[in-house]
Amino acid sequence: MAKNLVIVESPTKAKTIKKFLGRNYEVIASEGHVRDLPKSSMGIDKDNDFEPHYITIRGKGELVSALRKAVKKSDFVYLATDPDREGEAISYHLSVTLKLDEKKYKRITFNEITQRAVKESLKNARAIDMKLVDAQQARRVVDRLVGYEISPLLWDKIGKRGLSAGRVQSVTLKMISDREAEIDRFIPEEYWTIDVLLTVPGQAKPVAFRYQGEIKSAAEAAEIVKSIKASDCVVSEVKNSKRTKKGPVPFTTSTLQQTAAGKINFPTSKTMRIAQQLYEGVEIKGQGTVGLITYLRTDSTRISAEADAAAREYIEENYGKEFLAEEGKTAEKKQNIQDAHEAIRPTDVTRTPASLKGIVSNDQYKLYKLIYERFLASRMQPAIYDTFAVTVTAGDARLRASTSSLAFPGFLNVYNTEEEAGDTNVFNFSGIEKGDKLSLKDAESKQHFTEPPAHYTEASLVRAMEENGIGRPSTYAPTISTLLNRRYVTKEQKNLYITELGSAVNTIMITAFPEIVNIEFTANMESLLDSIGDGIVDWKVVVRNFYPDLEAEIRDAENSLSKVKIADEKTDEICEKCGANMVIKYGSYGKFLACPNFPECRNTMPYFEKIGVKCPECGKDLVKKTSKKGRTYYGCSGFPDCEYMSWARPVDKKCPKCQKLLIIKGKKLVCSDPACGYKEQIENS
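Counting of residues starts from 1 at the beginning of each chain's written sequence and follows it residue by residue. Totals for whole chains, interfaces and linings use all residues, but because this is a predicted model, local features are given only for residues with pLDDT of at least 70 and pairs of side-chain atoms are given and counted only at 80 or more. By convention in this description, side-chain values take in all heavy atoms of the structure and omit both hydrogens and water.

Chemist: Can you tell me about the environment of phenylalanine 76, naming the residues and giving the values?
Modeler: Numbering of helices and strands starts at the N terminus; helices are DSSP runs of H or I of at least 4 residues and strands are runs of E of at least 2. Here phenylalanine 76 lies in strand E7 (residues 76–79). In sequence terms phenylalanine 76 and threonine 350 are 274 residues apart; their C-alpha atoms lie 36 Å from each other.

Shown next as structure tokens:
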């Protein structure tokens, strides 16, 4: 029988697919790209119409040789890399590197790694889509021109090698900088609220009614309170209605990253890493390696007819027909959405999260559960609430209180959160009628100040990037990781802050390359790349139009920009060899402390981040550390003299019951002594 070779990207995916195909198929992984632009040089011939020069990636020679041998033994080759532009480009470069005969290879794609999808893809094998290859090539060339032309300028002007100025990362850095500037400029404005406690028939406690109107000063608030206390409180309107809350649409890459950050505290990079594992396949006892979710890089909310039907059948059987949505749920399609893929969903709706508990890792379980429940909820009826609103007139003042109770849970049976569960304080207003007088117990005014815009978190930054058309699903997480790794941005308590180095880079980019950091320009470039993928625009036309302006701006910047000095960050750690304050440096493994008197003094020390809490045993600073297995813990800076440590993060607050340190556990502060048992809710959690 003829021997077929299937080339995929990862060994895990190869293992998963191998079990679906018979002995007639060999499945081998290319381990990503085998050919790329060189790292040591531009790799683009600007004098020859921007022709790229690709080379075999260093270290992949043996792998390429093995692939060539496998090709020679095979009668036909299927290129089964990921179903996106990047995957299309990898397949193209494989075909060139392996010198595949056009008559003896085809491209196959599948949105999920299941037996049905893989075998169906073999029936629909096709030629490589060069339009998609050109779109990816255009992105690669434009980004290479930006990075390799601007980065040396940054090294020269800031005096630090290793700086970079990517096309998407630069505009994202500017977004973070602009948000911080907005926060710095913010001037709080005073406002007041008034809550009036009224006795309601049938209620054991008075109910708080909120004054309806804008109050700007203490004097105005006092006058209104005085008027309310002197007036009869008469019910002027009673409104009883129903409110529906629609279920969510299935996850896209962006919404998965945002929701995972909020619900299970995953950084965007971790979300994508775990999702990749779920997509490629997880070992399940008795079943082998199984792909659990569909492709993870998508901006579509579309669901296949087969998956929709399977979900409906499962919901009707397990929850009842009344919970079944009338039709499949998708979001309104946005401009430039690439609808080639489905939304992110489980490959088999009967494979419940509970069935995988203890089989997959804890992180895999958390993310799969999120994806599974969101998908199932998208096929279910809305939740229905009974709402009751009462308006009371007290002189010229209007007071209002409302409550709601869950009448029909709908999708909340599957996808429930604290904020979606309805009101926790439900009042019974059924005995109130228009014209009733309610007795006043108290009226209290309270001062407030408007809040500045929130700092970006990874989740909110991804949302802003998507809304502004910056990047694509595959670029959100790598862009944020690059900004953090380059130390342009730092993360504290989920919030992203621009560093002094990031500000210096951003200032140069704004001054010398205003188009590169312009949101509209960057979004337009993404649209042009989409047009290349659609076959509307030639990729070299895009590059030809882009480069001359970049070249002119670089020449101007070399002559006009002044040099910027970024001082090393001093610490209060003293060099035991020469007495100088140690400074923070960055190496291959992250931060470390070094003596500023280098090269005369070459002393270095490990850097540990202080968490603002004193050791309960010796009084020295507690610091954040990492175990040999990569797990974060908190220990005493006086180690080895003091061996105090905690896996959970301590806070600078003592237990009111036993005076021991409190630690963070989820959304609660709990006593570090389990025998004590004290716990409290974290404010604003």
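Moving on from the coordinates now.
Chemist: Explain the environment of valine 390 residue by residue, including any values.
Modeler: Looking at the secondary structure, you find valine 390 in strand E14 (residues 383–394). Sequence separation between valine 390 and arginine 273 is 117 residues; the distance between their C-alpha atoms is 50 Å. Contacts are assigned to residue pairs with any non-hydrogen atoms lying within 4.5 Å of each other. Ignoring any residue separated from it by four or fewer positions in sequence, one finds valine 390 in contact with Phe209, Val235, Glu237, Leu399, Arg400, Ala401, Phe429 and Ile432.

Chemist: Go over the packing of helix H5 (residues 130–158) against helix H15 (residues 500–512), please, and point to the residues and values.
Modeler: Working note: a packed helix pair is described by the angle between its axes plus the distance between those axes. Following both chains from N to C, one finds H5 and H15 inclined at 120°, their axes separated by 11 Å at the closest point. Between H5 and H15, the crossing angle belongs to the class labelled oblique. Once H5 is placed against H15, the crossing between them reads as right-handed. Taking contact as the criterion, the partners of Ile150, Leu154, Lys157 and Ile158 in H5 are, on H15, Leu501, Ala504, Val505, Ile508 and Met509. Residues are sorted three ways: Asp, Glu, Lys and Arg are charged, Ala, Val, Leu, Ile, Met, Phe, Trp, Tyr, Cys and Pro are nonpolar, and all the rest, Gly among them, are polar. When grouped by side-chain class, the residues that make up the contact of H5 with H15 number 8 nonpolar, no polar and 1 charged. For helices, the fitted axis covers only the stretch in contact; all axes are lines through C-alpha atoms, and the angles between them, taken along N-to-C directions, range from 0 to 180 degrees. Orientation is classified from the angle alone, with under 35 degrees giving roughly parallel, over 145 giving roughly antiparallel, 65 to 115 giving roughly perpendicular, and any other angle giving oblique. The sense of a crossing depends on the near helix, which, turned anticlockwise from the far helix by less than a right angle, makes the crossing left-handed and, turned clockwise, makes it right-handed.

Chemist: Summarise the pairing of strand E1 (residues 4–8); cite the residues concerned and give the values.
Modeler: Burial status follows relative accessibility: with a 1.4 Å probe on protein chains alone, a residue under 20% of its type maximum counts as buried, one over 50% as exposed, and anything between as partly exposed. With 5 of 5 residues buried, E1 lies mostly within the body of the structure. Burial along E1 is two-sided: the residues Asn4, Val6 and Val8 and Leu5 and Ile7 are all buried. With 4 bridges joining them, E1 and E7 adopt parallel strand pairing. Looking at E7, one finds that asparagine 4 is bridged to phenylalanine 76. Only when DSSP finds a minimum of two bridges between them are two strands counted as paired. Pairing geometry for E1 and strand E2 (residues 25–29), over 5 bridges, is parallel. Bridge pairing in E2 places valine 6 opposite valine 27. Handedness of the crossover joining E1 and E2 through helix H1 (residues 11–18) is recorded here as right-handed. With the strands pointing away from the viewer, any crossover whose connection runs clockwise from the first strand over the helix to the second is right-handed.

Chemist: Tell me about helix H8 (residues 253–263), and please be specific about residues and values.
Modeler: Turn by turn, an α-helix covers 3.6 residues, leaving residues three or four places apart pointing in a common direction. The element H8 is largely enclosed, with a buried count of 8 among its 11 residues. If you check which residues of H8 are buried, you get Thr253, Ser254, Leu256, Gln257, Gln258, Thr259, Ala260 and Ala261. On its buried face, H8 is in contact with helix H9 (268–280), helix H12 (362–378), helix H13 (458–467) and helix H14 (476–485). Looking at the residues trailing H8, positive phi occurs at asparagine 265, about 60°.

Chemist: Can you lay out the state of the cysteines for me, pointing to particular residues and giving the numbers?
Modeler: For this text, the term disulfide refers to a pair of cysteine sulfurs within 2.5 Å. A complete count under the given rule lists 0 disulfides for this structure. Its sulfur unpaired, cysteine 642 is 3.6 Å from the next cysteine sulfur, which belongs to cysteine 615. By relative accessible area, which is 8% here, cysteine 642 ends up buried.

Chemist: Any details on the packing of aromatic side chains? Residues and values, ideally.
Modeler: Any two of the Phe, Tyr and Trp rings considered here, Trp counted by its six-membered ring, make a pair once their centres fall within 6.5 Å; the pair's planes then place it as stacked at under 30 degrees, edge-to-face at over 60, or tilted in between. Counted according to the given criterion, the structure contains 11 aromatic pairs. Between the aromatic rings of tyrosine 319 and phenylalanine 323, the centroid separation amounts to 6.4 Å while the plane-to-plane angle is 55°, which identifies the pairing as tilted. Pairing tyrosine 633 with tryptophan 647 gives two aromatic rings, centres 5.7 Å apart and planes at 70°, and the pair type is edge-to-face. You can see tyrosine 633 sitting in strand E26 (residues 632–636) and its partner tryptophan 647 sitting in the loop between strand E27 (645–646) and strand E28 (650–654), a full 14 residues away along the chain. In this structure tryptophan 647 comes out as partly exposed when scored by relative accessible area, which is 40%. Feature note: the residues Tyr25, Phe76 and Tyr78 constitute an aromatic cluster, connected by ring pairs. Ring-over charges, as used throughout, are those where CZ of Arg or NZ of Lys falls within 6 Å of the ring centre and within 35 degrees of the ring normal. Its guanidinium or amino end placed over the ring of tyrosine 456, arginine 179 lies 4.2 Å from that ring's centre, counting from NZ or CZ.

Chemist: An account of the packing of helix H10 (residues 305–318) against H12 is needed here, citing residue identities and associated values.
Modeler: At a minimum axis distance of 9 Å, the contact between H10 and H12 shows a crossing angle of 85°. When the axes of H10 and H12 are compared, the pair comes out roughly perpendicular. Each of Ala307, Ala311, Tyr314 and Ile315 in H10 lies in contact with H12, whose residues at this interface are Tyr372, Phe375 and Leu376. Partitioned by chemical class, the residues of the contact of H10 with H12 number 7 nonpolar, no polar and no charged.

Chemist: Go over the nonpolar core with me, naming the residues and quoting the values.
Modeler: For our purposes a nonpolar core is just a set of buried Ala, Val, Leu, Ile, Met, Phe, Trp, Tyr and Cys residues, chained together by side-chain atoms within 4.5 Å. In this structure, Phe110, Leu292, Ile293 and Leu367 are the most contacted members of the largest nonpolar core, which totals 65 residues. Excluding residues that lie within four positions of it along the chain, isoleucine 293 makes contacts with Ala275, Leu278, Tyr279, Ile344, Arg345, Pro346, Thr347, Tyr368 and Ile371. Among the nonpolar cores identified, the runner-up in size contains 56 residues, and Tyr476, Val489, Leu561 and Ile566 belong to it.

Chemist: Describe the sheet that holds E2, listing the residues and the values that go with them.
Modeler: Judged by pairing direction, the sheet is parallel, and its 4 strands sit side by side in the order E2-E1-E7-E8 without closing on themselves. The sheet terminates laterally at E2 and strand E8 (105–107), the two strands that pair on one side only. When the angles between neighbouring strand axes are averaged without regard to direction, this sheet yields 20°. Packed on one face of the sheet, H1 meets E1 and E2 and runs near 165° to E2.

Chemist: Can you tell me about the pattern of salt bridges, naming the residues and giving the values?
Modeler: Here, a salt bridge means any Lys or Arg side-chain nitrogen found within 4 Å of an Asp or Glu carboxyl oxygen. For the structure on display, the rule yields 34 salt bridges. In this structure, lysine 46 and glutamate 149 form a salt bridge, with 2.8 Å as the shortest nitrogen-oxygen distance. With lysine 46 in the loop between strand E4 (44–45) and strand E5 (51–52) and glutamate 149 in helix H5, the pair connects residues that are 103 residues apart, well separated along the chain. Classification of lysine 46 by relative accessible area gives partly exposed; the value is 34%.

Chemist: Lay out unusual backbone geometry with the relevant residues and their values.
Modeler: That bond from phenylalanine 598 to proline 599 is cis: its omega, 10°, falls within 30 degrees of zero. Inspection of the secondary structure puts proline 599 in the loop between strand E22 (590–594) and strand E23 (604–606). The linkage connecting phenylalanine 639 with the following residue, proline 640, adopts the cis geometry, with an omega of 15°. Tracing the sequence through the fold places proline 640 in the loop between E26 and E27.

Chemist: Break down the environment of valine 489 for me, citing the residues and quoting the values.
Modeler: Here valine 489 shows up in strand E18 (residues 489–492). When its relative accessible area of 4% is taken as the criterion, valine 489 is described as buried. Taking C-alpha positions, valine 489 is 47 Å from valine 207, a pair spaced 282 residues apart along the chain. Excluding residues within four positions of it along the chain, valine 489 makes contact with Leu173, Ile176, Leu483, Leu484, Leu496, Tyr497, Ile498 and Thr499.

Chemist: Would you mind going over the confidence of the model for the protein in detail, with residue names and values included?
Modeler: As a per-residue measure, pLDDT reflects the predictor's confidence and takes values from 0 up to 100. Averaged over the protein, the pLDDT score is 90; the fraction of residues at 70 or greater is 95%. Every residue in residues 328–339 scores below 50 in pLDDT, and together they form 31 contacts with partners more than four places removed in sequence or on other chains. Within the model, the stretch residues 419–424 combines pLDDT values under 50 with 9 contacts to residues more than four positions away or in other chains.

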